[in-house]
Amino acid sequence: MKFATKAIHAGQPADPATGATIVPIYQTSTFTQEEIGRHKGYEYSRTGNPTRAALEQCLAALDDGLFGLAFASGSAATAATLSILRPGDHVVANDDLYGGTYRYFERVAKLTGVSFTYVNGQEPAEFARAIHEQTRLVWVETPTNPLLQLVDIEAVAGLCRSGGLLLAVDNTFGTPFFQKPLALGADIVVYSTTKYIGGHSDVIGGAVVVNKAALCDQIKFYQNAAGGVPGPLDAWLTLRGIKTLAVRMPRHEQNALETARFLQQHPQVAAVHYPGLPSHPQHDLARRQMTGFGGMVTFQIRGGRPQANAFVKTLRLFSFAESLGGVESLACHPATMTHASFAPEERQRRGITEGTIRLSVGIEDVHDIITDIDQALRAAN
Ligand SMILES: *Cc1c(COP(=O)(O)O)cnc(C)c1O
């Protein structure tokens, strides 16, 4: 099956009990067993639930992977991935990370005796330099949040393979529609399904997809033991969102590209970060490892916080809100919102300033999107 077909059908045959065409919301905590040691595959919904199982199979299929695991949030999926580490283990990650991932690494995982080194992910050689004897995992987010920098997955996967390390890729921005990290050599794909995969800004969720059974067993053990699972309704909403993923993503991309082009020629815009622009320093890599460039556009408004604030205040169609990947357009101010957990000097070093504005370009009519940005930029002059 091709991607668009899998998005609608993978893991979702008609319900064996009733013939329901759509996977039912199995809103139950427990399952009645026939006798000691005999049941239909489900015992208790933390361990397994049929609605969640359908989602997990669908997620695995979208990444051409073997095993999918669904979590209550992307953050829970991150925690589950790091649960394979032991005290003394070392992780190398690219430095332009989702703020919550950085917070989890620095303020939770570190307390368990795991150490971290952050490198400029645009340079595969920097990963090689940071890897040492204790390194067990390389964590990569690409494209990054919020600066849309890329990491060469294949190059870093090569380093990991030769060093016997695992490579995890947060593919939330790329989505399985545009980027397949497992095929490029990654061992673990991590998602916040809250974003494009769910796609409608109405449910929080996360996922892990792997190809190795032993790795799946380890993460699944943690999933059941720590219990950060999505409920049946959340799993169902995510599954429903996925059905249109292949329709939504090309539209997000087309609107984002037109938005990026508009911003690029605007006198009040100092810089535009979008991998689909030929001016993006890693445009060639984007063309090589992705089949599209996604729906996120970040730009630097001329001036600083006053101009950024005037811009976001004046937007009418765009909501000024955290999150991304829904059908509606959102604008966010990373320095005070998604990346507030970074120390100011860390933010500066990473290139996130008071004038940095991140747009999640929705699938509305692109004329309305650009008209809104135009009038808000005028107000910010
Ligand atoms: C949102 C996000 C996360 C965290 O996911 P939640 O569902 O909010 O817990 C992780 N990585 C990236 C890239 C994200 O955008």
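Residues numbered from 1 in each chain as written. Predicted model: local features only at pLDDT ≥ 70, side-chain atom pairs only at ≥ 80, totals over all residues. Heavy atoms only, no water.

(A) Structural detail: unusual backbone geometry. Of the consecutive residues T142 and P143, the connecting peptide bond is found in the cis state with omega at -10 degrees. Its place among the elements puts P143 in the loop between β4 (135-141) and α6 (153-163). You will see that D64, though not glycine, has its phi angle at about 50 degrees, which is positive. Along the chain, D64 falls in the loop between α2 (50-62) and β1 (67-71). Look at D64 and you get partly exposed, because its relative accessible area is 47%. With a phi angle near 65 degrees, T175 is a residue other than glycine that sits in the positive phi range. Here T175 shows up in helix α7 (residues 175-178). (Helix = DSSP H or I, 4+ residues; strand = E, 2+ residues; numbered from the N terminus. Buried < 20%, exposed > 50% of the residue type's maximum accessible area, 1.4 Å probe, protein only.)

(B) Region of interest: the domain arrangement of the chain. Taken domain by domain, the chain consists of domain 1 (3-242) and domain 2 (246-380). Each of domain 1 and domain 2 has a C-alpha centre, and the two are 26 Å apart. Contacts between domain 1 and domain 2 engage 40 residues on the former and 43 residues on the latter. Summing the contributions of domain 1 and of domain 2, the shared interface buries around 3300 Å²; its carbon and sulfur component is 59%. On inspection of domain 1 and its partner domain 2, the count reaches two salt bridges. Residues D152 and R288 are paired through a salt bridge, measuring 3.4 Å at the closest nitrogen-oxygen approach. The interface formed by domain 1 and domain 2 contains 17 residue pairs in polar contact (both at pLDDT 80 or more). Class assignment for the residues of the side of domain 1 that touches domain 2 results in 20 nonpolar, 14 polar and six charged. (Domains from an automatic or database assignment. Contact = heavy atoms within 4.5 Å. Buried area = accessible area lost by both parts, 1.4 Å probe. Salt bridge = Lys/Arg side-chain N within 4 Å of Asp/Glu carboxyl O. Polar contact = N/O pair within 3.5 Å; in protein donor to acceptor, adjacent residues only side chain to side chain. Nonpolar A, V, L, I, M, F, W, Y, C, P; charged D, E, K, R; others polar.)

(C) Seen up close, the site of the ligand. In the vicinity of the ligand lie 13 residues, with S75, D170, S192, T194 and K195 positioned nearest. Within the contact set of the ligand, an oxygen atom lies 2.7 Å away from a side-chain nitrogen or oxygen of S75. Residue T194 places a side-chain N or O atom 2.8 Å away from an oxygen atom belonging to the ligand. Isolated, the ligand exposes 380 Å² of accessible area, and the fraction of that covered by the protein chains is 93%. In the shell around the ligand, the residues fall into three nonpolar, seven polar and three charged. (Near = heavy atom within 4 Å. Areas by Shrake-Rupley, 256 points an atom, 1.4 Å probe, with all protein chains shown as cover.)

(D) Expanded view of the sheet that holds strand β9 (residues 296-301). In space, the five strands of this open sheet follow the order β8-β9-β12-β11-β10, with mixed pairing throughout. Edge positions in the sheet fall to β8 (269-273) and β10 (319-320), since each of these pairs with one other strand and no more. Here strand β11 (residues 330-332) runs beside strand β12 (residues 356-360); their pairing, made up of three bridges, is antiparallel. Its bridge partner being in β12, A331 is matched across the sheet by L359. (Pairing = 2+ DSSP bridges.)

(E) Quick peek at the sheet that holds β4. Strands sit in the order β1-β7-β6-β5-β4-β2-β3 across an open sheet of seven strands; the sheet is mixed. Here the strands that pair on one side only, and so sit at the sheet edges, are β1 and β3 (115-119). Across the sheet, the axes of successive neighbouring strands diverge by a mean angle of 20 degrees, strand direction being ignored. Bridge count between strand β5 (residues 166-170) and strand β6 (residues 188-192): three bridges; the pairing is parallel. (Axes fitted to C-alpha atoms, helices over the stretch in contact; angles between N-to-C directions.)

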